[in-house]
Amino acid sequence: MSKYDKLWDYVEDQEGNELMLTFDEIGAIAGVPLDHSFLNYKKELVPHGWEVGKISMKQQTVRFKRLAE
């Protein structure tokens, strides 16, 4: 079980092909604050049909993209 499982489930349930969340929103959804280890976990999202796109440190956002089927 990953500490980001709640986040992956949330992203998987979203409509559309792109989703942008703030670091704070991700922390609230996941139940843990976003930290540098997120980079090691992001590959876990692929089996859910999504990938982590751009991570903006300046805007403190993460863009998620749905994978083409």
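Preceding this paragraph is the structure being described.
The structure contained in this document is the topic of the report that follows.

Here is what the cut-offs are and how they apply
- Residues numbered from 1 in each chain as written.
- Predicted model: local features only at pLDDT ≥ 70, side-chain atom pairs only at ≥ 80, totals over all residues.
- Heavy atoms only, no water.
- Core = buried A, V, L, I, M, F, W, Y, C linked by side-chain atoms within 4.5 Å.
- Buried < 20%, exposed > 50% of the residue type's maximum accessible area, 1.4 Å probe, protein only.
- Helix = DSSP H or I, 4+ residues; strand = E, 2+ residues; numbered from the N terminus.
- Contact = heavy atoms within 4.5 Å.
- Phe/Tyr/Trp six-rings, centres within 6.5 Å; stacked < 30°, edge-to-face > 60°.

The next thing to look at is the nonpolar core. L7, W8, V11, F38, L45, V62 and F64 are the most contacted members of the largest nonpolar core, which has 15 residues in total. Those elements that place two or more of their residues in this core are α1 (5–12), β1 (18–22), α2 (23–30), β2 (50–56) and β3 (61–66). Ignoring any residue separated from it by four or fewer positions in sequence, one finds L45 in contact with W8, V11, W50, E51, V52 and F64.

Glancing now at the packing of aromatic side chains. Inspection of the entire model under this criterion finds 4 aromatic pairs. Seen in terms of ring centroids, Y4 and Y41 are 5.3 Å apart; in terms of plane orientation they differ by 70 degrees. Their pairing is edge-to-face. You can see Y4 sitting in the segment before α1 and its partner Y41 sitting in helix α3 (residues 38–41), a full 37 residues away along the chain. Among the aromatic residues, those joined into a ring-pair cluster are Y4, W8, F38 and Y41.

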